[in-house]
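Observations on chain architecture
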Amino acid sequence: MNNNEVNVQNTQAENTACQNPAQECEQKHPGFVQMMPLVDILECADNVTMWFEIPGANSSTVKIEVKEKIMSIEAESSLRRNGKTIVFKREFQLSDRIDVEHITAKTKDGVLTLTLPKSESAKVHRIQVS
């Protein structure tokens, strides 16, 4: 990875994430089925955009937190599996090059879109030569 790239790494929360994305976590989350949502990530010059598939979830059921450079996404779906509520969970390690204060999020048609702007120090600055 070169110095201009922003590092966004997938991580698992201790004692909360399932090993298998569709595996039930009965002891840890009774009554819920925990799943890992699929995600697409695109890095551009000014930001990183992430799209999460969270069918059945909406803005009122999505919780996003950043603590100590770990971004946690949790979305409760209106869909059920084996009679249990589906909860989507995923975590990512963010680099210092992400401007955490200006992250934006929106949901539409079962897709959560996060825009993570890069800090000024992470952007490429071109210097014109005269």
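Just so we're clear, the structure is a prediction, and the values are computed from it rather than from any experiment.

**Focus: the overall build of the protein**
- Scanning the protein from terminus to terminus reveals zero helices and nine strands.
- Helices and strands in the protein line up, N terminus first, as β-β-β-β-β-β-β-β-β.
- For the protein, with 130 residues in total, the buried portion stands at 32%.
- A separation threshold of at least 6 residues defines the contact pool for the protein, and within that pool the share at least 24 residues apart is 52%.

**Considerations on the pattern of salt bridges**
- Throughout the structure, instances matching the rule amount to three salt bridges.
- Among the ionic pairs, Glu43 bridges to Lys118, the shortest N-O distance being 2.9 Å. Here Glu43, found in strand β3 (residues 39–43), pairs with Lys118, found in the segment after β9 (111–117); they are 75 residues apart in sequence, far enough to count as distant.
- Owing to a relative accessible area of 34%, Glu43 belongs among the partly exposed residues under this scheme.

**Side note on the pairing of β3**
- When β3 meets strand β4 (residues 47–53), the two strands line up antiparallel, connected through five bridges. Note on β4: the bridge partner recorded for Glu43 is Val48.

**Notes on the pairing of strand β5 (residues 62–67)**
- Two elements, β5 and strand β6 (residues 70–81), share six bridges in a ladder whose sense is antiparallel. Note on β6: the bridge partner recorded for Val66 is Met71.
- Here β5 hands over to β6 after two residues, with Glu68 in that stretch at a positive phi of 50 degrees.

**Let's talk about the nonpolar core**
- Counting residues in each nonpolar core, the largest one holds 20 residues, and the members touching the most others are Met50, Phe52, Ile54, Met71, Leu114 and Leu116.
- Going through the elements one at a time, β2 (32–35), β4, β6, β7 (84–94) and β9 are the ones with two or more residues in this core.
- For this core, the element with the most residues is β7, which contributes four residues.

**Structural notes on the environment of Arg90**
- Following the sequence through the fold, Arg90 ends up in strand β7.
- On the basis of relative accessible area, Arg90 is assigned to the buried category, the value being 15%.
- Separated by 51 residues in the primary sequence, Arg90 and Val39 place their C-alpha atoms 9.4 Å from one another.
- Within the structure, the side chain of Arg90 is placed 2.7 Å from the backbone oxygen of Pro37, a separation counted as a polar contact.

**Description of the sheet that holds β3**
- Strands sit in the order β3-β4-β9-β8 across an open sheet of four strands; the sheet is antiparallel. Whereas interior strands pair on both sides, the edge strands pair on one side only; in this sheet they are β3 and β8 (104–108). Across the sheet, the mean angle separating the axes of adjacent strands is 15 degrees when strand polarity is ignored.
- Bridge analysis of β4 against β9 gives seven bridges, and the strand direction is antiparallel. Paired with Val48 across the strands is Leu116, a residue of β9.

**Let's talk about the confidence of the model for the protein**
- Chain-level pLDDT for the protein is 82 on average; 75% of the residues reach the 70-or-more range.
- Contacts for the low-pLDDT stretch residues 1–5, under 50 throughout, to residues beyond four places or in other chains number nine contacts.

What counts as what
Residues numbered from 1 in each chain as written. Predicted model: local features only at pLDDT ≥ 70, side-chain atom pairs only at ≥ 80, totals over all residues. Heavy atoms only, no water. Helix = DSSP H or I, 4+ residues; strand = E, 2+ residues; numbered from the N terminus. Buried < 20%, exposed > 50% of the residue type's maximum accessible area, 1.4 Å probe, protein only. Contact = heavy atoms within 4.5 Å. Salt bridge = Lys/Arg side-chain N within 4 Å of Asp/Glu carboxyl O. Pairing = 2+ DSSP bridges. Core = buried A, V, L, I, M, F, W, Y, C linked by side-chain atoms within 4.5 Å. Polar contact = N/O pair within 3.5 Å; in protein donor to acceptor, adjacent residues only side chain to side chain. Axes fitted to C-alpha atoms, helices over the stretch in contact; angles between N-to-C directions. pLDDT = per-residue confidence, 0-100.

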